[in-house]
Amino acid sequence: MNKEALRDLLKSHRDRIDPEDHGYKRLSRQGRRAPGLTQHQVDQLLTREMGTYRLLESGRNPRPKTDLLRDVAALFGMDEHAWVLLNRYALGQEPPAPLYTDSGFQVPSSWQQAVDGIEHMAYVTDAAWNMVCHNKHLPGMYPGRRVPQNIMRWMCLDPEARTVLADWETEWAPRILPQLRAAVAIHHDATVKQLETDVMADPVAGPLYEARGAVIHPDGDERPLTHPLLGRGWVTMCSATPEGSPGARLMILLFRPGTARPAPHAILRAPGTP
């Protein structure tokens, strides 16, 4: 626990809340209007025992429960970045799930301009793998240049995908299906749940899904690909997550023609690091 950082984070957000928005009168201190809610008012609004919030803000609650942190974060209107910091400072770990259910389903429009500036195939999906935006290089990867509305559904179930994604049963399915299973455990989203249902009903994908697996992200993977325009080759998958949209994902696909598996990539390090 980082008590000082936790206190500063919580107090700065508490001071921004206007008590009058919650039916309280703003108190005065030494002739000046006091900022924000009092610690006692936070307890009342959260229907918690007197002193609960004071112990949290002071760092004297050594292991606060996640539901308390979530209730405080929601009351204070924290964004996802502040929610991550709250969990790190209070518990020394990442949050178990996003603060808001829709956080991974909205991405700032600036990401369209960002992917447009990438010279490789690139796209952004939301937490349910719905295509949010892509650049001009991506459509050529799909037969008829038809970019799918949901990239995971296409990869798991579309017959054309099992041709484009070369060696689908051995190279792709064992890596993409565990990602779906992990998403079902975290996101209570109708699109993700329906996709799981459809995958389990598929005679080919269903048994592979039931086989389970532990792969949960594609970053750094080398996978064979039969590009409709460029022919057989290998694609290196580079992934990143927009910090304000947990669950959303930026994918950059580096395509190299040829049938031979590429040599392992070198590891980059900052100069001077061991």
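Whatever comes next refers back to the structure up there.
The structure presented is a predicted model; accordingly, all values stated were derived computationally and were not measured. (Residues numbered from 1 in each chain as written. Predicted model: local features only at pLDDT ≥ 70, side-chain atom pairs only at ≥ 80, totals over all residues. Heavy atoms only, no water.)

Caption draft 1: Molecular detail of the environment of A270. In this structure, A270 sits in the segment after strand 7 (249–257). Considered as a pair, A270 and Y123 are 147 residues apart in the sequence and their alpha carbons are 27 Å apart. (Helix = DSSP H or I, 4+ residues; strand = E, 2+ residues; numbered from the N terminus.)

Caption draft 2: The arrangement of the packing of aromatic side chains in detail. In this structure the tally under the stated criterion is two aromatic pairs. Seen in terms of ring centroids, Y53 and F76 are 5.8 Å apart; in terms of plane orientation they differ by 80°. Their pairing is edge-to-face. Here F76 lies in the loop between helix 4 (66–75) and helix 5 (80–91) and Y53 lies in helix 3 (residues 52–58), a separation of 23 residues in the sequence. Among the residues examined, Y53 registers a relative accessible area of 1% and is labelled buried. (Phe/Tyr/Trp six-rings, centres within 6.5 Å; stacked < 30°, edge-to-face > 60°. Buried < 20%, exposed > 50% of the residue type's maximum accessible area, 1.4 Å probe, protein only.)

Caption draft 3: Quick peek at the pattern of salt bridges. Applying the stated criterion across every chain yields a total of 13 salt bridges. A salt bridge links R146 to E160; the shortest N-O distance between them is 3.1 Å. You can see R146 sitting in the loop between strand 4 (131–134) and helix 7 (151–157) and its partner E160 sitting in the loop between helix 7 and helix 8 (161–164), a full 14 residues away along the chain. Relative accessible area serves as the criterion here: at 33%, E160 is assigned to the partly exposed category. Between R232 and D167 there is a salt bridge, with its nearest N and O atoms 3.3 Å apart. (Salt bridge = Lys/Arg side-chain N within 4 Å of Asp/Glu carboxyl O.)

Caption draft 4: Inspection of the packing of helix 4 against helix 5 at higher detail. At a minimum axis distance of 11 Å, the contact between helix 4 and helix 5 shows a crossing angle of 140°. Comparing the axis directions of helix 4 and helix 5 gives the class oblique. Crossing handedness for the pair helix 4 and helix 5: right-handed. Seen from helix 4, the contacting residues are T66, L69, R70 and A73; seen from helix 5, they are W83, L86, N87, A90 and L91. Split into classes, the residues belonging to the contact of helix 4 with helix 5 amount to six nonpolar, two polar and one charged. (Axes fitted to C-alpha atoms, helices over the stretch in contact; angles between N-to-C directions. Parallel < 35°, antiparallel > 145°, perpendicular 65-115°, else oblique. Left-handed = near helix turned anticlockwise from the far one by under 90°. Contact = heavy atoms within 4.5 Å. Nonpolar A, V, L, I, M, F, W, Y, C, P; charged D, E, K, R; others polar.)

Caption draft 5: Main features of helix 10 (residues 190–201). Between its first and last C-alpha, helix 10 extends 17 Å over twelve residues, near the 16 Å set by a 1.5 Å rise per residue. Listed as buried for helix 10 are V192, L195, E196 and V199. Buried residues of helix 10 fall within an arc of 100° about the axis and therefore sit on the same side. Opposite the packed face of helix 10, turned more than 90 degrees from it, sit the exposed residues A190 and A201. Close packing links the buried residues of helix 10 with helix 7, helix 9 (168–186) and helix 11 (205–210). Its side-chain oxygen at 3.0 Å from the backbone nitrogen of T191, D189 defines the N-terminal cap of helix 10. (Expected span 1.5 Å × (residues − 1). Arc of directions from axis to C-beta. Polar contact = N/O pair within 3.5 Å; in protein donor to acceptor, adjacent residues only side chain to side chain.)

Caption draft 6: Representation of the nonpolar core in the model. In terms of nonpolar packing, the biggest core is built from 36 residues, with M141, W154, L165, W172, V199 and L253 touching the most fellow members. Contributing elements (two or more residues each) for this core: strand 3 (121–125), helix 7, helix 8, helix 9, helix 10, helix 11, strand 6 (231–240) and strand 7. Tallying contributions element by element places helix 9 first for this core, with eight residues. Once you skip the residues sitting within four places of it in the chain, W154 turns out to touch M141, Y142, P148, E160, A161, V164 and L165. Ranked by size, the runner-up nonpolar core spans 23 residues in total, among them L69, A73, A82 and L85. (Core = buried A, V, L, I, M, F, W, Y, C linked by side-chain atoms within 4.5 Å.)

Caption draft 7: Fine view of the sheet that holds strand 7. As summarised here, the arrangement of the five strands in space is 4-3-7-6-5, forming an open sheet in which the pairing is antiparallel. Every interior strand has two partners, whereas the edge strands, strand 4 and strand 5 (222–227), have only one. Direction aside, the axes of adjacent strands within the sheet are offset by 30° on average. In this sheet, strand 4 lies alongside strand 3 in antiparallel orientation, the contact comprising three bridges. Each bridged residue has a counterpart across the sheet, and for V124 the counterpart in strand 4 is C133. (Pairing = 2+ DSSP bridges.)

Caption draft 8: Spotlight on the environment of D189. Here D189 lies in the loop between helix 9 and helix 10. Taking C-alpha positions, D189 is 9.4 Å from D102, a pair spaced 87 residues apart along the chain. Those residues in contact with D189 that sit more than four places away from it in its chain are F105 and A128. Within polar-contact distance, the side chain of D189 engages the backbone nitrogen of T191 at 3.0 Å. A distance of 3.1 Å separates a polar side-chain atom of D189 from the backbone nitrogen of V192.

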